[in-house]
Amino acid sequence: MYNFVPVSAEDVILKELPKKVQNVLAIENTKGLADMLKENPDALTLEWVIQKVAAEIEKDPKQNYLVDIVPNLRCLLRCQKFIKDPSYEMKEFGKKFPNTFALNLAIPEEKVIKQITAHGPKHADKMKEAGQSDEADTSRTQRRNALYQTSVKEFLNFFNEQGRLVTVDVSCGVSDLIWHRVSDFLGSELSFLPKKTINTVILFGFDHDEFSDLDMERYATEKVNLKNLVTDNASCEEMLTALRKHIDSSAPTSESFAVDATDIDFTKFNLDKTKMTRFEEEGETFLDRYIFVTKEKDKKRGRKSSLYSKVFKVIATTENEVCLFPPTTDLKVCHHIALHLAQHPE
């Protein structure tokens, strides 16, 4: 959305670290890597990782990069020359590649334990299929969380001392709300403008009254008349291409759209079937599953609205796009519209 190029330190390590040993073929998987680091933990150092990350950035230094510096694999987090005070290495790295801020997506420890406990067996003597109690699960979660906290502590301290640490509490588990918090920071504090919309929800209606009882304000939805986007006698393909451009040019002001497609016949439609997009989901659903409405939105409006109770056919693709249709819509038409939108990004 913001054209950041992701660089994962873990991916870099898994790709480059085996090359440091004599018998590269002996390290075929993460277990082989873990065994190697158990024997020689000093093989992995923060200075070396930073050098490899810098090499990735140097391939195209004009881009904006998002570096995930702390890996997930526990065997990597136990290497003391990698998990250490990063002040020297980060300052040297910053001389060549200025880094704006560090983003910490955090779940407070007490919430981690509370969540695992809440999902465990209700009785202390009730055992799980693997023969381990919920107490064992809680203990394991605590150990993993402690290892993670130890791993990120020095990095967080470094950026916090410089006033460049941004922490977002993600314990709510609501991806839309988390994303909006991050997006608001990028826009308000750094003036970053998104290049296109993501997580888009598009409602299609084929009757003028289709959205008459939809509270556009509550769902932060923009109404679009499809015919107004094109000239007369435009084809279905041209209309959907125009809709695609309109949606992407609407970032960051809108992510949800109610499209009035009254009197448009989508049964006569040319589709490029050589560019098939895999569907993540298809079926029937309600609007509130895809558009997160906070209590604050209702407070600002001075009243609480009921949920939009209509059922939709849903086509959700791997492109993070959700298309919703009236339940009577022919499924082939739903597929064709969703595929065309996915195949023709701006």
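These numbers come from a predicted model, not from an experiment. (Residues numbered from 1 in each chain as written. Predicted model: local features only at pLDDT ≥ 70, side-chain atom pairs only at ≥ 80, totals over all residues. Heavy atoms only, no water.)

Draft legend 1. Here's a closer look at the overall build of the protein chain. Broken down by element type, the protein chain carries 11 helices and 10 strands. A burial count over the protein chain gives 42% of its 346 residues as buried. Long-range pairs, those at least 24 residues apart, make up 76% of the contacts in the protein chain with a sequence separation of at least 6. Approximately 20700 Å² of the protein chain is accessible, and the part contributed by carbon and sulfur atoms is 49%. (Helix = DSSP H or I, 4+ residues; strand = E, 2+ residues; numbered from the N terminus. Buried < 20%, exposed > 50% of the residue type's maximum accessible area, 1.4 Å probe, protein only. Contact = heavy atoms within 4.5 Å. Areas by Shrake-Rupley, 256 points an atom, 1.4 Å probe, with all protein chains shown as cover.)

Draft legend 2. Structural context of the packing of helix α3 (residues 46-58) against helix α5 (residues 87-96). For the pair α3 and α5, the least separation of the axes is 10 Å and the interaxial angle reads 15°. As judged from the angle between their axes, α3 and α5 are roughly parallel. In this structure, the crossing between α3 and α5 has a hand that is right-handed. Every residue of α5 that contacts α3 at Leu46, Glu47, Ile50, Ala54, Ile57 and Glu58 is listed here: Glu89, Met90, Phe93 and Lys96. Across the contact of α3 with α5, the residue classes tally to six nonpolar, no polar and four charged. (Axes fitted to C-alpha atoms, helices over the stretch in contact; angles between N-to-C directions. Parallel < 35°, antiparallel > 145°, perpendicular 65-115°, else oblique. Left-handed = near helix turned anticlockwise from the far one by under 90°. Nonpolar A, V, L, I, M, F, W, Y, C, P; charged D, E, K, R; others polar.)

Draft legend 3. Summary view of the packing of aromatic side chains. Inspection of every chain in the model, using the stated rule, returns five aromatic pairs. Ring plane angle 75° and centroid distance 5.2 Å describe the contact between Phe101 and Phe185, whose orientation is recorded as edge-to-face. Of this pair, Phe101 sits in the loop between α5 and β3 (102-106) while Phe185 sits in helix α8 (residues 175-188), placing them 84 residues apart in sequence. For Phe101, a relative accessible area of 22% puts it in the partly exposed group. Between Phe158 and Phe159 the ring centres are 5.1 Å apart and the planes differ by 85°, which places this aromatic pair in the edge-to-face class. Each member of the pair Phe158 and Phe159 is classed as buried. In this structure, Arg218 packs its charged tip against the face of Tyr219, placed 5.3 Å from the ring centre. (Phe/Tyr/Trp six-rings, centres within 6.5 Å; stacked < 30°, edge-to-face > 60°. Lys NZ or Arg CZ within 6 Å of the ring centre and 35° of its normal.)

Draft legend 4. Molecular detail of the layout of surface pockets. Considering only enclosed or pocket space, the largest pocket measures out at about 1400 Å³ in volume. Around the largest pocket sit 43 residues that line it, and Leu66, Val67, Asp68, Phe101 and Leu103 are the ones nearest its centre. Sorting the residues of the lining of the largest pocket by element identifies α3, β2 (64-68), α5, β3, α7 (134-161) and α8 as the ones contributing at least two each. (1 Å grid on protein atoms, 1.4 Å probe; cavity = no way out; pocket = protein on both sides within 12 Å on 5 of 7 lines; lining within 4 Å. Points joined across faces, edges and corners; volume = space filled by probe spheres on them.)

Draft legend 5. Focus on the nonpolar core. Core analysis: the largest hydrophobic core is formed by 35 residues, its most contacted members being Ile13, Leu17, Leu37, Leu44, Val49 and Phe82. Counting residues per element, the ones that place at least two in this core are α1 (9-16), α2 (30-39), α3, α4 (74-77), α5 and α7. It is α3 that provides the largest number of residues to this core, a total of seven residues. Contact partners of Phe82, with chain neighbours within four places excluded, come to Ile13, Leu44, Thr45, Leu46, Val49, Ile69, Pro71 and Leu76. Leu243, Val259, Val333 and Cys334 belong to the second largest nonpolar core, which has 23 residues in total. (Core = buried A, V, L, I, M, F, W, Y, C linked by side-chain atoms within 4.5 Å.)

Draft legend 6. Structural detail: the confidence of the model for the protein chain. Confidence in the prediction for the protein chain averages 80 pLDDT; 74% of positions are at 70 or higher. Mean pLDDT in the protein chain bottoms out at helix α10 (residues 295-301), which sits at 48, and peaks at α3, which reaches 95. A low-confidence stretch, residues 126-131 (pLDDT under 50), is modelled with six contacts involving residues beyond four sequence positions or located in other chains. Between residues 296-305, whose pLDDT stays under 50, and residues either more than four places distant or in other chains, the model counts 13 contacts. (pLDDT = per-residue confidence, 0-100.)

Draft legend 7. Seen up close, α5. Within the sequence span of α5, burial applies to Glu89, Met90 and Phe93. Taken around the axis of α5, the buried residues stretch over an arc of 95°, which confines them to a single face. Turned more than 90 degrees away from the buried face of α5, the exposed residues are Tyr88 and Lys95. (Arc of directions from axis to C-beta.)

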